[in-house]
Amino acid sequence: MIEFVQQGATCYLKGQLSQTQVIALWPQRHSLLSESTSELSLAQLEYSDSAGVAFLLALVRDHQGPLRLCAPSAQLKKLIDLYDLQSFFSEATH
């Protein structure tokens, strides 16, 4: 289960993001975030597989304006390091 919780310009991603969720979310990816969202907090994302990481990068690519992926969990950091994606993620939230 995955949840998108919008609070101001930040959207908090909660739950797990694996291939099953990505398949379900893919058709609605353009409407998951409000246009004013500038930051996607991943601190409460309990688990992500490589499909989830690809989905997050697609959200950044398809978003109306700049979108920062921030505060990845320890599990997600391992995938970020494995795929050398550090430039797409930020440790801090604002």
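Undergrad: Tell me about the overall build of the protein chain, residues and numbers included.
TA: Assigned secondary structure in the protein chain consists of 3 helices and 6 strands. Seen in sequence order, the protein chain has helices and strands lined up from the N terminus as β-β-α-β-β-α-β-α-β. Counting only C-alpha atoms, the protein chain reaches 30 × 30 × 20 Å along its principal axes. For the protein chain, with 94 residues in total, the buried portion stands at 43%. Taking all contacts inside the protein chain whose residues are at least 6 apart in sequence as the whole, residues at least 24 apart take part in 66%. Put simply, the protein chain shows about 5,300 Å² of open surface, and 52% of that area lies on carbon and sulfur atoms. Each charge class in the protein chain can be summarised by its mean position, and for the 6 positive and 9 negative side chains these summaries are 1 Å apart.

Undergrad: Run through the state of the cysteines, naming residues and quoting values.
TA: Scanning the entire structure with this criterion turns up 0 disulfides. Lacking any disulfide linkage, C11 is separated from the closest cysteine sulfur, that of C70, by 10 Å. Accessibility expressed as a relative area gives 0% for C11, which makes it buried.

What counts and what doesn't
- Residues numbered from 1 in each chain as written.
- Predicted model: local features only at pLDDT ≥ 70, side-chain atom pairs only at ≥ 80, totals over all residues.
- Heavy atoms only, no water.
- Helix = DSSP H or I, 4+ residues; strand = E, 2+ residues; numbered from the N terminus.
- Buried < 20%, exposed > 50% of the residue type's maximum accessible area, 1.4 Å probe, protein only.
- Contact = heavy atoms within 4.5 Å.
- Areas by Shrake-Rupley, 256 points an atom, 1.4 Å probe, with all protein chains shown as cover.
- Lys, Arg positive; Asp, Glu negative; His and termini not counted.
- Charge placed at Lys NZ, Arg CZ, Asp CG, Glu CD.
- Disulfide = S-S within 2.5 Å.

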